[in-house]
Amino acid sequence: MAVLITGGAGYIGSHTCIELLNAGYEIVVVDNYINSKQESLKRVGIITGKDFKIYNVDLLDAVGLENVFVENNIEAVIHFAGLKAVGESVILPLWYYHNNITSTVILCNIMKRFDVKNLVFSSSATVYGIPDRFPVSEGFPLRAMNPYGRTKLMIEEILRDLYESDHSWSIALLRYFNPIGAHGSGLIGEDPNGIPNNLMPFITQVAVGKLNELSVYGNNYPTIDGTGVRDYIHVVDLAAGHVRALEKVSKFTGVDAFNLGTGKGYSVLELVSAFEKAIGINIPFKIVNPRPGDAPICFADPSKAKRELGWVAEKDIEEMCEDSWRWQANNPNGYNNHSELLAEIESPRLLKNSGDFLFNRVH
Ligand code: NAD
Ligand code: UD1
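Residues numbered from 1 in each chain as written. Chains lettered and ligands numbered in written order. Predicted model: local features only at pLDDT ≥ 70, side-chain atom pairs only at ≥ 80, totals over all residues. Heavy atoms only, no water.

Named according to an unreviewed UniProt entry, the protein is UDP-glucose 4-epimerase originating from Bacillus canaveralius. Recorded in UniProt under Pathway (unreviewed entry), the annotation for the protein is "Carbohydrate metabolism; galactose metabolism." (UniProt positions renumbered as here; feature names shortened; annotations may be inferred.)

Quick look at the structure:
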């Protein structure tokens, strides 16, 4: 029995693959690499010393996806695959609706045909729009502010309808807050295309000298220093939350949403100074206009995930900064160039220690 990981080559997916393999799950990854590199999965194999199947399949390709179910005994799906850039979704909404929503409908249809009804879905805190109270709990009103956010909200609704139609489905909607950090090995991490949209990859690229200075979007919000406040969560904690959610969906039927966050909010300038303190590198910044659509403050009430999934985020802001930096410093060009560190890890001596890794690319 295997767990299908859609979008498993991506930032959160690759970290979750590690947690699942370490927990003893068999996994099968499907990705079309539209926003990732196969190299991340190779490194998952190096880190865990475990072998797993990888399919280069677009989820919009129903025949290709069905073949994955034919060739493997899939028992559950963690569905990460999707496009996630807010600005791009405003310019190309149809692409976002097709890629994110149509693919989910195709996936669920195939799951239904193969009687696989356990699903963990990557939703986002973006479904809360601009919340007016804090911390944000799952019962708050939902109001996405852009096409990307609406794909998440619509998929949540589609999955609720699916459960209403057939109560044997078991679906966890995981609403992530702001994932940052990287695996402690420094081998995998977030590898954005072009200039990063999100705060932490921007900071690390300034620190590594690829960008000159950070633009801080507004300093007039009603927060400790006027800059926006977010709930940053270590991606390894987030990945562990998926293992807990998988355990939950395998035991109960239903459809339920869970916030995955720490419950603590940090302002932009607090994150910058935590990073400077952890790393010892100064991050030059300038204050610019607020980014349209930004919430002033957003942090989670994660108590439902603690109560019902037995999950809490454990890593603090310092570890998030250190691990983000280790990844960036060791891989200044992301997965594009093999770093010296990887060359060392790929040496026969270290590979021996990581087990007989067979990179099994199907398709
Ligand atoms: P990512 O872009 O790194 O990973 C997504 C993966 O899905 C990529 O590997 C991409 O190639 C793949 N993919 C996209 N469309 C596909 C398709 N049609 N067929 C096959 N593969 C496809 O993003 P991430 O940060 O790892 O996010 C994972 C999920 O979590 C996404 O659904 C995202 O919307 C959601 N999410 C992310 C964040 C965040 O801050 N990173 C926050 C909230 C929610
Ligand atoms: C953004 C997206 C959200 C998405 C999430 C994860 C928007 C409006 N929201 O959330 O839908 O789910 O990323 O992909 O794009 N900041 C700066 N300078 C920067 C970058 C960010 O000051 O260069 C500030 C922002 O104003 C915000 C904070 O840093 O206050 C965090 O920003 P970011 O990392 O982009 O995450 P979100 O805005 O929470």
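Back to the text.
Caption draft 1: Spotlight on unusual backbone geometry. Across the junction of Phe 134 and Pro 135, the peptide omega takes the value -5 degrees, indicating a cis bond. Mapped onto the secondary structure, Pro 135 falls in the loop between strand E5 (118-124) and helix H6 (147-165). The phi dihedral of Tyr 33 is positive, around 60 degrees, even though this residue is not glycine. Topologically, Tyr 33 is positioned in the loop between strand E2 (27-31) and helix H2 (39-48). Backbone geometry at Asp 115 places phi at a positive 55 degrees, although glycine is not the residue there. As for its placement among the helices and strands, Asp 115 is situated in the loop between helix H5 (93-113) and E5. (Helix = DSSP H or I, 4+ residues; strand = E, 2+ residues; numbered from the N terminus.)

Caption draft 2: Quick look at the pattern of salt bridges. The full count for this structure, using the stated rule, is 16 salt bridges. For the salt bridge of Lys 117 with Asp 115, the shortest nitrogen-to-oxygen distance reads 3.7 Å. Through salt bridges with shared partners, one network takes in Asp 115, Lys 117 and Asp 166. (Salt bridge = Lys/Arg side-chain N within 4 Å of Asp/Glu carboxyl O.)

Caption draft 3: Inspection of the site of ligand 2 at higher detail. What surrounds ligand 2 is a group of 19 residues, the closest being Asn 198, Ser 215, Arg 230, Arg 291 and Asp 294. Contacts to ligand 2 include Asn 198, whose side-chain N or O atom sits 2.8 Å from an oxygen atom. Ser 215 places a main-chain nitrogen or oxygen 2.7 Å from a nitrogen atom of ligand 2. Considered on its own, ligand 2 offers 740 Å² of accessible surface; in the complex 88% of this is hidden by protein. Listed by contribution, the elements that provide at least two residues to the shell around ligand 2 are helix H7 (199-207) and strand E8 (214-217). Top contributing element to the shell around ligand 2 by residue count: E8, with 4 residues. In terms of residue class, the shell around ligand 2 is built from 9 nonpolar, 7 polar and 3 charged. (Near = heavy atom within 4 Å. Polar contact = N/O pair within 3.5 Å; in protein donor to acceptor, adjacent residues only side chain to side chain. Areas by Shrake-Rupley, 256 points an atom, 1.4 Å probe, with all protein chains shown as cover. Nonpolar A, V, L, I, M, F, W, Y, C, P; charged D, E, K, R; others polar.)

Caption draft 4: Examining the packing of helix H9 (residues 268-279) against helix H11 (residues 317-330) more closely. Interhelical geometry of H9 versus H11 gives an angle of 65 degrees and a closest axis separation of 9 Å. Taken together, the axis directions place H9 and H11 in an arrangement best described as roughly perpendicular. Along this stretch, H9 crosses H11, giving a crossing that reads as right-handed. Mapping the contact onto sequence places Leu 271, Ala 274, Phe 275, Ala 278 and Ile 279 in H9 and Ile 317, Glu 318, Cys 321, Glu 322 and Trp 325 in H11. When grouped by side-chain class, the residues that make up the contact of H9 with H11 number 8 nonpolar, no polar and 2 charged. (Axes fitted to C-alpha atoms, helices over the stretch in contact; angles between N-to-C directions. Parallel < 35°, antiparallel > 145°, perpendicular 65-115°, else oblique. Left-handed = near helix turned anticlockwise from the far one by under 90°. Contact = heavy atoms within 4.5 Å.)

Caption draft 5: Seen up close, the packing of aromatic side chains. Summed over all chains, the structure comprises 6 aromatic pairs. Ring geometry for Trp 95 and Tyr 96: centres 5.9 Å apart, planes at 90 degrees, overall edge-to-face. Judged by relative accessible area, which is 34%, Trp 95 ranks as partly exposed. On the numbers, 6.2 Å between centres and 90 degrees between planes, the contact of Phe 275 with Trp 325 is edge-to-face. Highlighted residues: Phe 275 in helix H9 and Trp 325 in helix H11, separated in sequence by 50 residues. (Phe/Tyr/Trp six-rings, centres within 6.5 Å; stacked < 30°, edge-to-face > 60°. Buried < 20%, exposed > 50% of the residue type's maximum accessible area, 1.4 Å probe, protein only.)

Caption draft 6: Spatial organisation of the environment of Glu 88. For Glu 88, the position within the fold is in helix H4 (residues 86-91). Residues Glu 88 and Pro 147 lie 59 residues apart in sequence; the distance between their C-alpha atoms is 9.1 Å. Discounting chain neighbours no more than four positions away, the residues touching Glu 88 are Trp 95 and Tyr 96.

Caption draft 7: Here's a closer look at helix H3 (residues 62-71). All of the buried residues along H3 are Gly 64, Leu 65, Val 68 and Phe 69. Buried residues of H3, seen end-on, are gathered within an arc of 150 degrees and therefore sit on one face of the element. H3 presents Val 63 and Val 70 as exposed residues on the side facing more than 90 degrees away from its buried surface. On its buried side, H3 packs onto strand E1 (2-6), E2, strand E3 (52-56), strand E4 (74-79) and H5. (Arc of directions from axis to C-beta.)

Caption draft 8: Structural view of the layout of surface pockets. Empty space within the second largest pocket amounts to approximately 280 Å³. Around the second largest pocket, the lining comprises 23 residues; the ones closest to its centre are Glu 190, Asp 191, Pro 192, Gln 205 and Gln 328. Residue assignment for the lining of the second largest pocket shows that the elements contributing at least two residues are H7 and H11. A per-element tally of the lining of the second largest pocket places H7 first, with 4 residues. The class makeup of the residues in the lining of the second largest pocket is 8 nonpolar, 11 polar and 4 charged. (1 Å grid on protein atoms, 1.4 Å probe; cavity = no way out; pocket = protein on both sides within 12 Å on 5 of 7 lines; lining within 4 Å. Points joined across faces, edges and corners; volume = space filled by probe spheres on them.)

Caption draft 9: Structural detail: H6. The end-to-end C-alpha distance of H6, which contains 19 residues, comes to 26 Å, matching closely the 27 Å that a straight helix rising 1.5 Å per residue would cover. Among all positions of H6, only Pro 147, Tyr 148, Gly 149, Thr 151, Lys 152, Leu 153, Ile 155, Glu 156, Leu 159, Leu 162 and Tyr 163 are buried. Residues of H6 that are buried sit in contact with H4, H5, E5, strand E6 (170-176) and strand E11 (254-260). (Expected span 1.5 Å × (residues − 1).)

Caption draft 10: Structural view of the site of ligand 1. Around ligand 1, the surrounding shell holds 26 residues, and the nearest of these are Asp 31, Asn 35, Ser 36, Lys 84 and Tyr 148. Interatomic distance of 2.8 Å between a backbone N/O atom of Ile 12 and an oxygen atom of ligand 1. Contacts to ligand 1 include Lys 84, whose side-chain N or O atom sits 2.7 Å from an oxygen atom. Protein contacts shield 95% of the accessible area of ligand 1, which totals 820 Å² for the unbound molecule. Every element with two or more residues in the shell around ligand 1 is listed here: helix H1 (11-22), E5 and H6. In terms of residues, the shell around ligand 1 owes the most to one element, E5, which gives 3 residues.

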